Amino acid sequence: MRAALVLAGGRSTRFGDRDKAVADLAGTPMIRRVVDRVAGVVDEVVINCRSDQEDAISDAFADAEVDPAFAVDREPDAGPMAGIARGLEAVSAEYAFVVACDMPFVDPAFAEHLFERAAGHDAAVPRLDEWFQTTQAVYRAAPMREACLRALERDDSRIVAPLSDLEKVVLDREEIERVTSVETFENLNTREEFDRAVERLRGDGR
Ligand SMILES: Nc1nc2c(ncn2[C@@H]2O[C@H](COP(=O)(O)OP(=O)(O)OP(=O)(O)O)[C@@H](O)[C@H]2O)c(=O)[nH]1
């Protein structure tokens, strides 16, 4: 069993006054695009968000084949790593592909590769250069959740904090580029980035 955990509990402050998760990206709400891309490689989909986002995000899946489960933050604004911990509570699969809602170019073949690489380990985490791509990685749900809770307990809410507690496989740039292109990690933070992505998607007929 494999899960996708989509992180959407952020405030989209760089984006403006709307929630980027449900912003219309070339005809499809961005989070729906992310889920549609990865649905084929997972058995369940969990979305982590704040309670005030749930209705609008649910609406984005009204006519979808997948029926995502919601793991709503008990405490909002505690950061993405707390969101991962919350989301993993709702995951029944052993492994979860964690992905941010603002990565509409996420490559399902890369998610598949991460699941394969994570097998028998606590995590498979890409690292392009010095930075871990923690919001596009596969984690074994139970140890990752426990590592997150331990880090939060010691007031360390950094997204990399749980990694040191995990027996993980790290994918370097060479391995990443053998399987996919770095477009998979592209995240849309500003209106300008979003508008450029719309043009690209329209240009490719996507
Ligand atoms: N649950 C939860 N998720 C968060 C939080 N902050 C960010 N996220 C999620 O983590 C991912 C990465 O965050 P960012 O790309 O910075 O998104 P954001 O925080 O909405 O955007 P900015 O406000 O512009 O920084 C996104 O999928 C967010 O939805 C938080 O405080 N709680």
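Residues numbered from 1 in each chain as written. Predicted model: local features only at pLDDT ≥ 70, side-chain atom pairs only at ≥ 80, totals over all residues. Heavy atoms only, no water.

S.K.: Kindly report on the layout of surface pockets, identifying the contributing residues and their values.
M.R.: Considered as a void within the structure, the largest pocket measures approximately 720 Å³ in volume. Lining the largest pocket are 32 residues, with G10, R14, K20, P80 and D102 positioned closest to its centre. Considering only residue class, the lining of the largest pocket consists of 12 nonpolar, 13 polar and 7 charged. E75, A78, A82, R86 and L152 are, among the 13 residues lining the second largest pocket, the residues nearest its centre. Among the elements that make up the lining of the second largest pocket, the one with the highest residue count is helix α3 (residues 80-89) (5 residues). Tallied by class, residues from the lining of the second largest pocket come to 5 nonpolar, 2 polar and 6 charged. (1 Å grid on protein atoms, 1.4 Å probe; cavity = no way out; pocket = protein on both sides within 12 Å on 5 of 7 lines; lining within 4 Å. Points joined across faces, edges and corners; volume = space filled by probe spheres on them. Nonpolar A, V, L, I, M, F, W, Y, C, P; charged D, E, K, R; others polar. Helix = DSSP H or I, 4+ residues; strand = E, 2+ residues; numbered from the N terminus.)

S.K.: Explain the site of the ligand to me, using residue names and the numbers behind them.
M.R.: Of all residues adjacent to the ligand, which total 20 residues, the nearest are L7, T13, R14, D73 and G79. Taking K20, its side chain carries an N or O atom lying 3.3 Å from an oxygen atom of the ligand. For the ligand, whose free accessible area comes to 610 Å², the fraction covered by protein is 85%. Most atoms of the ligand, that is more than half of them, are within 2 Å of grid points of the largest pocket. Classifying every residue of the shell around the ligand gives 6 nonpolar, 8 polar and 6 charged. (Near = heavy atom within 4 Å. Polar contact = N/O pair within 3.5 Å; in protein donor to acceptor, adjacent residues only side chain to side chain. Areas by Shrake-Rupley, 256 points an atom, 1.4 Å probe, with all protein chains shown as cover. Sits in = over half its atoms within 2 Å of the grid points.)

S.K.: Give a detailed account of the nonpolar core, specifying residues and quantitative values.
M.R.: Of all hydrophobic cores here, the largest spans 36 residues; its most connected members are V6, A8, I31, I57, F61 and F97. Those elements that place two or more of their residues in this core are β1 (2-7), α1 (30-38), β4 (44-49), β6 (95-100), α4 (108-118) and β9 (168-171). At 5 residues, α4 tops the list of elements feeding residues into this core. Apart from residues lying up to four places away in sequence, A8 is in contact with A21, I31, I47, N48, C49, Q53, I57 and C101. A93, M144, C148 and L166 belong to the second-largest nonpolar core, a separate cluster that totals 25 residues. (Core = buried A, V, L, I, M, F, W, Y, C linked by side-chain atoms within 4.5 Å. Buried < 20%, exposed > 50% of the residue type's maximum accessible area, 1.4 Å probe, protein only. Contact = heavy atoms within 4.5 Å.)

S.K.: Tell me about unusual backbone geometry, and please be specific about residues and values.
M.R.: Positive phi outside glycine occurs at D77, with the angle close to 65°. Along the chain, D77 falls in the loop between β5 (69-72) and α3. Among the residues examined, D77 registers a relative accessible area of 47% and is labelled partly exposed. Unlike most non-glycine residues, D155 shows phi in positive territory, near 65°. With respect to the helices, strands and loops of the structure, D155 is situated in the loop between α5 (141-153) and β9. Residue class for D155 comes out exposed when judged on its relative accessible area of 73%.

S.K.: I'd like a description of the packing of α3 against α5, backed by residues and values.
M.R.: The interhelical angle for the contact between α3 and α5, taken along N-to-C directions, is 140°, at an axis separation of 9 Å. Here α3 is positioned oblique relative to α5, judged by the angle of their axes. Judged by the twist between their axes, the crossing of α3 over α5 is left-handed. The residues of α5 that touch α3, namely those facing M81, A82, I84, A85, L88 and E89, are A141, M144, R145, C148, L149, A151 and L152. Tallied by class, residues from the contact of α3 with α5 come to 11 nonpolar, no polar and 2 charged. (Axes fitted to C-alpha atoms, helices over the stretch in contact; angles between N-to-C directions. Parallel < 35°, antiparallel > 145°, perpendicular 65-115°, else oblique. Left-handed = near helix turned anticlockwise from the far one by under 90°.)

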